[in-house]
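So the chains spell out like this:
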Amino acid sequence: MKATLVKTPARVFRSWPRRLALAIGLLSLGLAAGYAAGRKPWVAAPAAPPGMRWVPGGEFTMGTDSPQAWPDERPAHRVKVDGFWIDDHEVTNAEFRAFVDATGYVTTAEKAPSVEEILSQTPPGTPPPPPEMMVPGSLVFKSPAGQVDLRDISQWWIWTPGASWRAPEGPGSTIDGRDDHPVVQVSWDDAVAYARWADKRLPTEAEWERAAKGTRDKEPYTWGSEPPSDKNTPANIWQGQFPSRNTATDGFERTSPVKSFPPNSLGLYDMAGNVWEWCADWYERDLYARRASAGTIVNPAGPAHSDDPSRPYSPLRVQRGGSFLCNDDYCSRYRPSARHGGSPDTGTSHVGFRCVKSPPAGR
Ligand SMILES: [Ca+2]
Ligand SMILES: [Ca+2]
């Protein structure tokens, strides 16, 4: 690790888990017949808005009982969703810039956090952070020089004053030449603001998984059953030893231009890897266990509030799809069933989003 970039000791990160230190918890991490079950399929999909694809309504298997699954992915259960459109790619820097230019919107990372905001999500008795920490900034991935304890994510997530969507790796970095890369360093609130401006919304967790699995809801990956490897690189994830050695045999050390890898069965790009994608729902670790004997769940919108016993002081919104930092040695959360919760006011250099839209009522 280049110590000059480390602004905050690891112990401080453990004390203030929100936007300053909030890396903690981030990485603990058509019309096929089967989809028409119980619902008349669209004979013809509604004309899609530009850049979007139709996801037909119907039932699918949400979650998985695979040995690869993390506990929050179990058990597999049946879910039914109505049809919807979804962006065929992650929202890009150019698209986000159009939103900012049109509205003057200022993202979470471009505003200094308040002491009250920080302390509201920390354990009782946590001392307030020093004033010099109360500046705009965000979290940037920095590969450590050697192998480190994988339980200590502050070894590779560095609080970086000045990092934002315009400078994803901090001062001196730029998105020039990266118009077609996914926007990063956006909070859940930023994603919601963009979606409203675009007359869209964030997907529910169920909609996102339905779209990611497409016609392959019994298979472990968005592309099928063959595991990724140094020779099989169907998505922008991590090759080599995480987090110290990224061989990037897929061609990209960080984000890739959207649509650089083959689409899934519904024509959607980067549903595995590149950047994590915010969903609308609160994250509840044991949500699927509560659904286990409830039969088919229809249009679930997630729990009323987040719940993760390992992170009791921070609200958490769902993130899906994994990122360029995922590999099997660490988390394998590029799989379409995999789930994660992130603090809604926290952007990082590997989290972005895409939007969905429902057809007019009566279609
Ligand atoms: Ca990669
Ligand atoms: Ca993605």
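Before any of the text, the structure's been laid out above.
Source: prediction; values computed, not measured.

Some thoughts on the overall build of the protein
Right, on to step 1. On a plain count of helices and strands, the protein comes out with six helices and 12 strands.
Right, on to step 2. Taking all 363 residues of the protein together, the buried fraction comes to 49%.

Thoughts on the nonpolar core
Right, on to step 1. Of all hydrophobic cores here, the largest spans 61 residues; its most connected members are Ile 86, Ala 191, Leu 202, Ala 211 and Trp 278.
Right, on to step 2. Contributing elements (two or more residues each) for this core: strand 1 (52-55), strand 4 (84-87), strand 5 (137-141), strand 6 (157-161), helix 4 (188-197), helix 5 (205-213) and strand 7 (276-282).
Right, on to step 3. Of all the elements, strand 7 adds the most residues to this core, at five residues.
Right, on to step 4. With sequence-adjacent residues up to four places away left out, Ile 86 is seen in contact with Met 52, Arg 53, Val 55, Pro 203, Ala 211, Leu 268, Arg 354 and Val 356.
Right, on to step 5. Ranked by size, the runner-up nonpolar core spans five residues in total, among them Phe 60, Met 62, Val 81 and Ala 206.

Looking at the environment of Pro 257
Right, on to step 1. Structurally, the position occupied by Pro 257 is in the loop between helix 5 and strand 7.
Right, on to step 2. Note on Pro 257: 18 C-beta atoms within 10 Å, which makes it partly exposed.
Right, on to step 3. When the C-alpha atoms of Pro 257 and Arg 178 are compared, they prove to be 7.3 Å apart, with 79 residues separating the residues in sequence.

Here we look at the sheet that holds strand 10 (residues 340-342)
Right, on to step 1. The strand order 10-9-7-11 describes an open sheet built from four strands, whose pairing is mixed. Bordering the open sheet on either side are strand 10 and strand 11 (351-352), each of which pairs with just one other strand.
Right, on to step 2. Pairing between strand 7 and strand 11: two bridges, direction parallel. Considered in strand 11, the bridge of Glu 277 is made with Gly 352.
Right, on to step 3. Across the sheet, helix 5 lies against strand 7 and strand 9 (317-320), angled at about 140° from strand 7, the strand it touches most.

A few points about the pairing of strand 2 (residues 58-62)
Right, on to step 1. With four of its five residues buried, strand 2 lies for the most part within the structure.
Right, on to step 2. Pairing between strand 2 and strand 3 (residues 77-81): five bridges, direction antiparallel. Considered in strand 3, the bridge of Glu 59 is made with Lys 80.

With respect to unusual backbone geometry
Right, on to step 1. In this chain, Arg 74 is followed by Pro 75 through a cis amide linkage whose omega measures -5°.
Right, on to step 2. You can see Pro 75 is positioned in the loop between strand 2 and strand 3.
Right, on to step 3. Omega for the peptide link from Phe 242 to Pro 243 comes to -5°, which places this bond in the cis form.
Right, on to step 4. With respect to the helices and strands, Pro 243 occurs in the loop between helix 5 and strand 7.
Right, on to step 5. The backbone phi angle of Asp 270 is positive, close to 60°, even though this residue is not glycine.
Right, on to step 6. On the secondary structure map, Asp 270 appears in the loop between helix 5 and strand 7.
Right, on to step 7. Exposure remark for Asp 270: the 31 C-beta atoms within 10 Å place this residue in the buried category.

Thresholds applied
Residues numbered from 1 in each chain as written. Chains lettered and ligands numbered in written order. Predicted model: local features only at pLDDT ≥ 70, side-chain atom pairs only at ≥ 80, totals over all residues. Helix = DSSP H or I, 4+ residues; strand = E, 2+ residues; numbered from the N terminus. Buried ≥ 20, exposed ≤ 12 C-beta atoms within 10 Å, placed from the backbone. Core = buried A, V, L, I, M, F, W, Y, C linked by C-beta atoms within 7 Å. Contact = placed C-beta atoms within 7 Å. Pairing = 2+ DSSP bridges. Axes fitted to C-alpha atoms, helices over the stretch in contact; angles between N-to-C directions.

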